[in-house]
Amino acid sequence: MRKPFPFAGAVAAMILRAAAACAQGGAESPPPAISPAPLAGAVVAVLLAFALVWIAARRSTLLKDNLLPQIEPRRQPYSLGRWQMAFWFTLVFAGFVAIWIATGQYNGVVTSQELWLMGISAASGVSAIAVDVVKDSPADAANRGLKALGLDTYADVERVREEIRQRERELAAQPAPESAQRLALEIRDRHLLLAAYENAIRPFVSEGWLKDVTTDLNGAALHRVQSLAWTLLLGIVFVVGVITRHAMPQFDASLLILLGISNAGYVGFKYPEPQQ
Amino acid sequence: MPALGGIEHVVVLMLENRSFDCMLGTLYPPDPGFEGLRGDEQNLWMGQRVKVWRVPGDTLDARSATIPSPDPGELFADMTMQIFGSPPGPTPSMSGFVENYMRQQPTPPDCRAPMHYFTPEQVPVLSALARAFGVCDQWHASAPCQTWPNRFFVHSGTCLGHVDNANFPFPYTAPSIFRRMSERGRSWRVYFHDVPHALMLADIWSEAPLHFRYFSAFLADSVNGTLPNYSFIEPRYFTDLFLNNIPNDEHPPHNVLYGEALIASVYNAVRASPSWKKTLLVITCDEHGRCFDHVPPPAAVPPDDRRPDGFAFDRYGVRVPTIIVSPYMAPGSRVRAMPTGLPSAAAPYPFDHTSILATLRKLFDLGPPLTRRDAAAPDLLGALSLDEPQNDGPARISAEAARATIAQLEARGAAPPNHMQAALSRMAAQLPPRPPAPGEAPPPPAPLGAPVPDTVAKAHAASTLQARSFLGL
């Protein structure tokens, strides 16, 4: 088991203090206390928003690259670009709902900074998808190879598995020797096909969220780590701001440009990177 | 023979199916010291003269590098017609190439295809090495047969009397040079790209996982100075859609530029090796691939008395392009068994693939010949004429970057397997799940009867998995 970073607690506390200071954006009067019922409602709404996005992310290709249609949705790798879009959408949406429920305010809650955040993440997501479509990546080669084997989609993989099961049932019924030999060959051929399929998709199957969004086929990718780190840090600032001020934080232009630059770096480096 | 004590590593790169005239026929002007093309060689077909012709262009492109397309007839009967004409004459006349090509079904569109030749500028890697070191214009395929019989000759000095790929029982049981190397404590490796044909050799199955490596390992072994005594390199036979790889075996109609790139990478690795001064590199083709050559194959010594298909293997195959690379080789050498030309039916015999066996036996003290054929074969050591290993040749050779388009890859992947790919696919399908333990007998030979997938892509996927599984890679 990996040893935990020994100063993690102290670093987290420092980040939170800095985030709170950043989110307050200067000396202002403390926010009014919120009564328990709206607070509970806000917490439930926020949790619900996160749960919905989480479930969709797990069960569908909403946050996944979907580079190979031959991979079943739950095994598709997470996409950093799509994940960033969902991250800011969820934070801004949940923050808005929480502030609305807790304070009754809905006008002026979303500031231009939040719109910029969502715009930057959306542009990153769309650009990442565009890069995937335009460039001829190892995933495209795998896709071509699998199609040449008759596996156009995951449904074809399921079909081959069903054909194996069907032939195994026929074989179990002890047919004539010639039929048994034919069935055994057909089963073997289909197992080989599935083995070739598993070999081909192995580099493109999800290895968990963190590894998917921080690595490509060559391993850890700095441009991905950088983009993820700034997104998470500004996300913490955002959450702390909403909790402590009951308002969405004011990010100054430099912070937004910083996020934009790190995401642009991610998209720029994505073009030559081997794809996971 | 100064090289006898100086050579510690022999590297053989055996490509597929190109004739000498096709690849190197115009390397030098024809003269008594070089049996090249004059330009007026011809075949008659339907009353018209079909002359040899130069593939147009200064360099090859994606179309011209795949001539002849479609692949000409490959079987023993086809080659007999190519060599003896139709109706067959009493002596080899090399007059039946066009006739045989146009008898293929469906009928090929261009009767001239087998009569083509490339200029030295069109195959610059092969030509540069030939000029920098030595070219052999008296090297014949061991048999007027397909790939497998000829590849078995290079490994075992015989092919046990089988004339076509499809006729071989599986596994192949003749003793191989690799086994002999192991018995004498000499190191060897087979470097391959996808499915090594040498897996047919049952006598090395038990030790195969120790000796078979992907081609990338050859590059590393060369640079690291860890080449074995004998390296045998097999090209890529199949299109690999997953890695965007086109075959580099030069088998028609595969693009010869990929073969050029492979030759360059092998040479560059050997040249950069700390063992360069002690290395002999032989680049050859297993057989002529039905591409025209004007030199009639002479009579050969039958390797043994096996004749299951009725042919005694008493005649060589068509000439194939062969380059000998070594710092002991004088630049511009023309390597010949007999400087003034060869008799057609007696010693001295020309070089053939068993000359590699003769060279290995002599270099590494491997004991008696494997068969009567390699006993009669001239070795290559006499051609290494320099007293010191002083010909360093070019420090590096660049090959023109050939890059397949997606459409070309998909077309190759969707094509039906050629004879070689089909035979390899059958072989891989019949490999046992794992090699036998040392001392354990291989299964008795049985017909190669496994069904062949209908496309190259499917045959490649299945057979590479089976070979890899057998080798534990």
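Everything here concerns the structure above.
What counts as what
- Note that residues are indexed from 1 along each chain, following the sequence as it is written.
- All chains are assigned letters beginning at A, and all ligands numbers beginning at 1, according to the order in which they are written.
- Only residues with pLDDT of at least 70 get local features here, since the model is predicted, and only at 80 or more are side-chain atom pairs given and counted; chain-wide, interface and lining totals rely on the full set of residues.
- Side-chain metrics in this entry use all non-hydrogen atoms of the structure; hydrogen atoms and water are not considered.
- Secondary structure elements follow DSSP: runs of H or I of four or more residues count as helices, runs of E of two or more count as strands, with numbering from the N terminus.
- Exposure classes here rest on a 1.4 Å probe applied to the protein chains alone. A residue is buried below 20% of its type maximum, exposed above 50%, and partly exposed in between.
- Note on contacts: a residue pair qualifies if any of its non-hydrogen atoms lie within 4.5 Å across the two residues.
- A 1.4 Å probe and the Shrake-Rupley method give the accessible areas. Residues count as covered only by the protein chains that appear here.
- In summary, the pairing rule links any two rings of Phe, Tyr or Trp, Trp by its six-membered ring, whose centres are within 6.5 Å, and it sorts them by plane angle into stacked for under 30 degrees, edge-to-face for over 60 and tilted for everything else.
- In this analysis the charged atom, NZ for Lys or CZ for Arg, is taken to sit over a ring once it is within 6 Å of the ring centre and within 35 degrees of the ring normal.
- Throughout, the accessible surface (probe 1.4 Å) given up by two parts as they are put together, summed over both, is called the buried area.
- Salt bridge, as used here, is a side-chain nitrogen of Lys or Arg placed within 4 Å of a carboxyl oxygen of Asp or Glu.
- What qualifies as a polar contact is a pair of N or O atoms within 3.5 Å, subject to a donor-acceptor requirement within protein and to the restriction that residues adjacent in sequence count only when both atoms come from side chains.
- Three classes are used, and their members are as follows: Ala, Val, Leu, Ile, Met, Phe, Trp, Tyr, Cys and Pro are nonpolar, Asp, Glu, Lys and Arg are charged, and the others, Gly among them, are polar.
- By definition, no residue in a patch forms a salt bridge, and every one has over 30% relative accessible area; like charges are joined within 9 Å, nonpolar side chains (Val, Leu, Ile, Met, Phe, Trp, Tyr) within 5 Å.
- Residue types Ala, Val, Leu, Ile, Met, Phe, Trp, Tyr and Cys, when buried and joined through side-chain atoms within 4.5 Å, form a set referred to as a nonpolar core.
- Pairing between two strands is assigned when DSSP locates at least 2 bridges connecting them.
- Every axis corresponds to a line fitted to the C-alpha atoms, with the helix fit spanning only the stretch in contact, and the corresponding angles, defined between N-to-C directions, vary from 0 to 180 degrees.
- Note that the term roughly parallel is reserved for angles under 35 degrees, roughly antiparallel for angles over 145, roughly perpendicular for angles of 65 to 115, and oblique for everything else.
- A clockwise turn of the near helix away from the far one marks a right-handed crossing, whereas an anticlockwise turn of less than a right angle marks a left-handed crossing.

J.: Can you tell me about the overall build of chain A, naming the residues and giving the values?
T.: What chain A contains, in helices and strands, is ten helices and two strands. Helices and strands appear in chain A in the N-to-C order α-α-α-α-α-α-α-α-β-β-α-α. When burial is assessed residue by residue, chain A has 42% of its 276 residues classed as buried. For chain A, long-range pairs separated by at least 24 residues make up 73% of all intrachain contacts whose partners lie at least 6 apart in sequence. With the model as given, the accessible surface of chain A reaches about 14600 Å², and the carbon-plus-sulfur share is 67%.

J.: Could you give me a rundown of helix α5 (residues 138-148) of chain A, with the residues and numbers involved?
T.: Within α5 of chain A, the full set of buried residues consists of Ala139, Ala141, Ala142, Asn143, Arg144, Gly145 and Leu146 of chain A. Lining the buried residues of α5 of chain A we find α7 (177-201) of chain A together with α13 (406-414) of chain B. One or two steps after α5 of chain A, the chain reaches Gly150 of chain A, where phi turns positive at roughly 90°.

J.: Tell me about the packing of aromatic side chains, and name the residues and values.
T.: Within the structure shown, the criterion is met by 30 aromatic pairs over all chains. Consider the rings of Tyr191 of chain B and Phe218 of chain B, whose centres lie 5.2 Å apart with planes at 70°: the pair is edge-to-face. One end of the pair, Tyr191 of chain B, is in strand β8 (residues 188-192); the other, Phe218 of chain B, is in helix α9 (residues 215-224), with 27 residues separating them in the sequence. Like Tyr191 of chain B, the residue Phe218 of chain B is buried in the burial classification. Three or more aromatic residues joined by ring pairs form one cluster here, namely Phe178, Trp188, Phe192, Phe212, Tyr214 and Tyr230 of chain B. Positioned above the aromatic ring of Tyr78 of chain A is the side chain of Lys64 of chain A, whose terminal nitrogen or guanidinium carbon lies 4.7 Å from the ring centre. Positioned over the ring face of Trp53 of chain B is Arg112 of chain B, at 4.2 Å from the centre of the ring.

J.: Explain the environment of Ala337 of chain B residue by residue, including any values.
T.: With respect to the element layout, Ala337 of chain B can be found in the loop between β13 (333-335) and α11 (354-364). For the pair formed by Ala337 of chain B and Leu380 of chain B, sequence separation is 43 residues and the distance between their alpha carbons is 8.8 Å.

J.: Any details on unusual backbone geometry? Residues and values, ideally.
T.: Residue and element names in this part refer to chain B. The linkage connecting Ser86 with the following residue, Pro87, adopts the cis geometry, with an omega of -5°. Structurally, Pro87 can be placed in the loop between α3 (76-84) and α4 (97-101). If you check the backbone angles, Asn244 has positive phi at about 55° while not being a glycine. The residue Asn244 is located in the loop between β10 (230-233) and α10 (256-271) in this model. If you check the backbone angles, Asp365 has positive phi at about 55° while not being a glycine. The residue Asp365 is located in the loop between α11 and α12 (372-376) in this model.

J.: Mind laying out the interface of chain A and chain B, listing which residues take part and the relevant values?
T.: Each side of the interface is counted separately: chain A has 15 residues, and chain B has 15 residues. Carbon and sulfur atoms make up 68% of the area that chain A and chain B hide from each other, which totals about 1300 Å². When the area that chain A buries against chain B is broken down by residue, the three leading residues are Arg144, Leu149 and Leu192 of chain A, summing to 39%. The interface formed by chain A and chain B includes zero salt bridges. Linking chain A to chain B there are two residue pairs in polar contact (both at pLDDT 80 or more). At the level of elements, α5 and α7 of chain A are the ones that each hand at least two residues to the side of chain A that touches chain B. In terms of residue count, the dominant contributor to the side of chain A that touches chain B is α7 of chain A (seven residues). For the side of chain A that touches chain B, the class distribution of residues is ten nonpolar, two polar and three charged.

J.: Residue-level account of a nonpolar patch on the surface, with values.
T.: Residue and element names in this part refer to chain A. Taken together, Leu39, Val43 and Leu47 make up a surface patch of nonpolar side chains, about 270 Å² in accessible area. Along the polypeptide, Leu39 turns up in helix α2 (residues 36-59). What makes Leu39 partly exposed here is its relative accessible area of 42%.

J.: Now, about the nonpolar core: what can you tell me, with residues and values included?
T.: Core analysis: the largest hydrophobic core is formed by 138 residues, its most contacted members being Leu129, Trp148, Phe212, Phe218, Tyr230 and Val266 of chain B. Broken down by element, this core gets its largest block of residues, nine residues, from α10 of chain B. Of all hydrophobic cores here, the second largest spans 31 residues; its members include Ala139 and Leu192 of chain A together with Ala404 and Ala457 of chain B.

J.: Report on the pairing of β8 of chain B, specifying residues and quantitative values.
T.: Residue and element names in this part refer to chain B. Most of β8 is tucked away: four of the five residues are buried. Pairing geometry for β8 and β10, over four bridges, is parallel. Opposite Val190, over in β10, you have Phe232 as the bridge partner. Two strands pair when backbone bridges link them, and β8 and strand β9 (residues 212-214) are joined in this way by three bridges, in the parallel orientation.

J.: Give a description of the packing of α9 of chain B against α10 of chain B that names residues and reports values.
T.: Residues and elements named next belong to chain B. With their axes 8 Å apart at the nearest point, α9 and α10 run at an angle of 30° to one another. Put simply, α9 runs roughly parallel to α10. Crossing of α9 against α10: the hand is left-handed. Packed against α9, whose contacting residues are Phe215, Phe218, Leu219 and Ser222, the element α10 presents Leu262, Ser265, Val266, Ala269 and Val270 at the interface.

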